[in-house]
Amino acid sequence: MADEALFDLLHMEMVSHVYKEQQSSKGEMDNKDRAACVSVLESMGFRVGQGLIERLTRDSPSFKDELDVMKFVCKDFWTKVFRRQIDNLRTNHQGTYVLQDNKFSLLTQLSSGKQYLDQAPKYLAFSCGVVRGALSNLGLDSVVTAEVSIMPSCKFQVVVQKL
């Protein structure tokens, strides 16, 4: 229980620090500055995701296909990182996956409903990076985006890049 609170607080502080650093150097933030902050947080998450997936798959057999990898991410990886499984996984069987978490742990501290909906993207950048980093280490180059319509529910869209 204590480690959950520590992770949540660390995540909030990381987001706050990155945004304050950008704001202190410029004063007022524009869309370009916000995009730079999101990019920094996503990069941090990418590296964390790479490291976590290495540890989790060390003793696992290799995966058969892309769908097998995504199922592992939704069940085992998501449980280790966010303390619960994904509520719903959908695919079009052409490289696009939608992972829905109806009670995303990093948004539950913010609000329920639509009050802080405009603040949600900056708190999801790190998580998108974590998923992208994990998939990268499993051999899937991807683009991960997150969408929030009502907090704390969140949809992550994963588009696997075909080589």
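Conventions we followed
Residues numbered from 1 in each chain as written. Predicted model: local features only at pLDDT ≥ 70, side-chain atom pairs only at ≥ 80, totals over all residues. Heavy atoms only, no water. Helix = DSSP H or I, 4+ residues; strand = E, 2+ residues; numbered from the N terminus. Polar contact = N/O pair within 3.5 Å; in protein donor to acceptor, adjacent residues only side chain to side chain. Contact = heavy atoms within 4.5 Å. Phe/Tyr/Trp six-rings, centres within 6.5 Å; stacked < 30°, edge-to-face > 60°. Buried < 20%, exposed > 50% of the residue type's maximum accessible area, 1.4 Å probe, protein only. 1 Å grid on protein atoms, 1.4 Å probe; cavity = no way out; pocket = protein on both sides within 12 Å on 5 of 7 lines; lining within 4 Å. Points joined across faces, edges and corners; volume = space filled by probe spheres on them. Nonpolar A, V, L, I, M, F, W, Y, C, P; charged D, E, K, R; others polar.

Colleague: Please clarify how the side chain of threonine 57 should be interpreted in this entry.
Modeller: Topologically, threonine 57 is positioned in the loop between helix H2 (31-56) and helix H3 (66-82). One polar contact links the side chain of threonine 57 to the main-chain carbonyl oxygen of isoleucine 53, over a distance of 2.7 Å. Leaving out residues up to four positions away in the same chain, threonine 57 has contacts with Phe63, Phe72 and Leu138.

Colleague: I would appreciate a short explanation of the packing of aromatic side chains in the present structure.
Modeller: In this description, a pair of aromatic rings is defined by centroid distance and the angle of the planes. Considering all chains together, one arrives at 6 aromatic pairs under this definition. Here the aromatic rings of phenylalanine 63 and phenylalanine 72 are separated by 5.1 Å at their centres, their planes lie at 50°, and the arrangement is tilted. In this structure phenylalanine 72 comes out as buried when scored by relative accessible area, which is 10%. Arranged with centres 5.3 Å apart and planes meeting at 65°, the rings of phenylalanine 104 and phenylalanine 156 form a pair that is edge-to-face. Linking phenylalanine 104 in the loop between strand E2 (96-101) and helix H4 (105-108) with phenylalanine 156 in strand E4 (residues 154-160), this pair joins segments that are 52 residues apart in sequence.

Colleague: Sorry if this is basic, but what is going on with the layout of surface pockets here?
Modeller: Space left empty within the atom packing is revealed by a probe, the size of a water molecule, rolled over the atoms. Roughly 330 Å³ of internal volume is contained in the largest pocket. Considering the residues around the largest pocket, the lining is formed by 16 residues, among which Phe7, Leu52, Lys80, Val81 and Arg83 are closest to the centre. Contributing elements (two or more residues each) for the lining of the largest pocket: helix H1 (2-26), H2, H3 and helix H5 (120-137). Looking at the lining of the largest pocket, the element that brings in the most residues is H1, giving 7 residues. The residue inventory of the lining of the largest pocket, partitioned by class, reads 10 nonpolar, 1 polar and 5 charged.

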